[in-house]
Amino acid sequence: AVVSTQSTGKLTVAREETNRLFIGGLRRIVDKEELQREFQKFGEITDTWVAKDSPGFAFVEFSTVDQAREALEAKHKTDCFGTEIRVEFTRGNKGSGAKSG
């Protein structure tokens with residue numbers, strides 16, 4: 001398994017690369033279509049989930065790990081939707097609570 005190290009400022013986190021990304025730091029409710037438009041340039045999106053009850057985060061799943069990695073490298077700590085977003089590989093698998101919706 002490929003492992004990515006990502007510096008968060010205070011510590012470096014090693015995380016297995018997956019085709020699913022966590023998008024955090026959203027300051028307003030972003031709909032699925034907005035999220036897909038922003039990330040589709042990196043590859044085929046197979047699933048998108050946006051938090052509604054507790055806004056501020058979302059998940060985007062790509063068809064390959066390479067596409068997800070490219071999106072992470074391009075979008076992490078960039079201004080998106082009017083705020084600086086955080087993009088990370090997800091922890092664990094898809095069955096950990098994030099569902100399409």
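Further up the page is the structure itself.
Residues numbered from 1 in each chain as written. Predicted model: local features only at pLDDT ≥ 70, side-chain atom pairs only at ≥ 80, totals over all residues. Heavy atoms only, no water.

Student: Please set out the overall build of the chain residue by residue, giving values where relevant.
Tutor: Looking only at helices and strands, one finds two helices and eight strands in the chain. Across the chain, helices and strands are ordered from the amino to the carboxyl terminus as β-β-β-α-β-β-α-β-β-β. Relative to its full complement of 101 residues, the chain shows a buried share of 41%. Pairs at least 24 apart in sequence give 61% of the contacts found in the chain among residues at least 6 apart. Summed over all atoms, the accessible surface of the chain reaches about 5900 Å², with 46% contributed by carbon and sulfur. (Helix = DSSP H or I, 4+ residues; strand = E, 2+ residues; numbered from the N terminus. Buried < 20%, exposed > 50% of the residue type's maximum accessible area, 1.4 Å probe, protein only. Contact = heavy atoms within 4.5 Å. Areas by Shrake-Rupley, 256 points an atom, 1.4 Å probe, with all protein chains shown as cover.)

Student: So, the pattern of salt bridges: which residues are in play, and what are the values?
Tutor: For the coordinates displayed, the defined rule picks out seven salt bridges. Among the salt bridges present, the one from aspartate 47 reaches arginine 20, with a minimum N-O distance of 3.6 Å. Placement of aspartate 47 in strand E4 (residues 45-50) and of arginine 20 in strand E3 (residues 20-24) is noted, with a sequence separation of 27 residues between them. Judged by its relative accessible area of 7%, aspartate 47 is buried. Looking at arginine 20, the relative accessible area reads 4%, which means it is buried. Across the salt bridge formed by lysine 75 and glutamate 38, the nearest N and O atoms sit 2.4 Å from each other. Placement of lysine 75 in helix H2 (residues 65-75) and of glutamate 38 in helix H1 (residues 32-39) is noted, with a sequence separation of 37 residues between them. The exposure class of lysine 75 is buried, given its relative accessible area of 8%. Classification of glutamate 38 by relative accessible area gives partly exposed; the value is 21%. (Salt bridge = Lys/Arg side-chain N within 4 Å of Asp/Glu carboxyl O.)

Student: Can you explain the sheet that holds strand E8 (residues 86-89)? Please cite residues and give values.
Tutor: Strand order across the open sheet formed by four strands is E4-E5-E3-E8, with antiparallel pairing between neighbours. Both outer strands of the open sheet, E4 and E8, are each paired with one neighbouring strand and no more. The sheet shows a mean angle of 20° between the axes of neighbouring strands, taken without regard to direction. On top of the sheet, H1 reaches E3, E4, strand E5 (57-62) and E8; it is set at about 135° to E4, its chief contact. Where H2 meets the sheet, its contacts fall on E3, E5 and E8, and the angle it forms with E8 comes to roughly 150°. (Pairing = 2+ DSSP bridges. Axes fitted to C-alpha atoms, helices over the stretch in contact; angles between N-to-C directions.)

Student: Just give me the short version of the nonpolar core, but keep the residues and values in it.
Tutor: Counting residues in hydrophobic clusters, the biggest one holds 19 residues, and the most contacted among them are Leu21, Ile23, Leu35, Phe39 and Phe62. For this core, the elements supplying multiple residues, two or more each, are E3, H1, E5, H2 and E8. Discounting chain neighbours no more than four positions away, the residues touching leucine 21 are Ala58, Phe59, Val60, Phe62, Ala68, Ala71, Leu72, Val87, Glu88, Phe89 and Thr90. (Core = buried A, V, L, I, M, F, W, Y, C linked by side-chain atoms within 4.5 Å.)

So, to be careful, I would describe these as geometric facts and stop short of saying anything about function.
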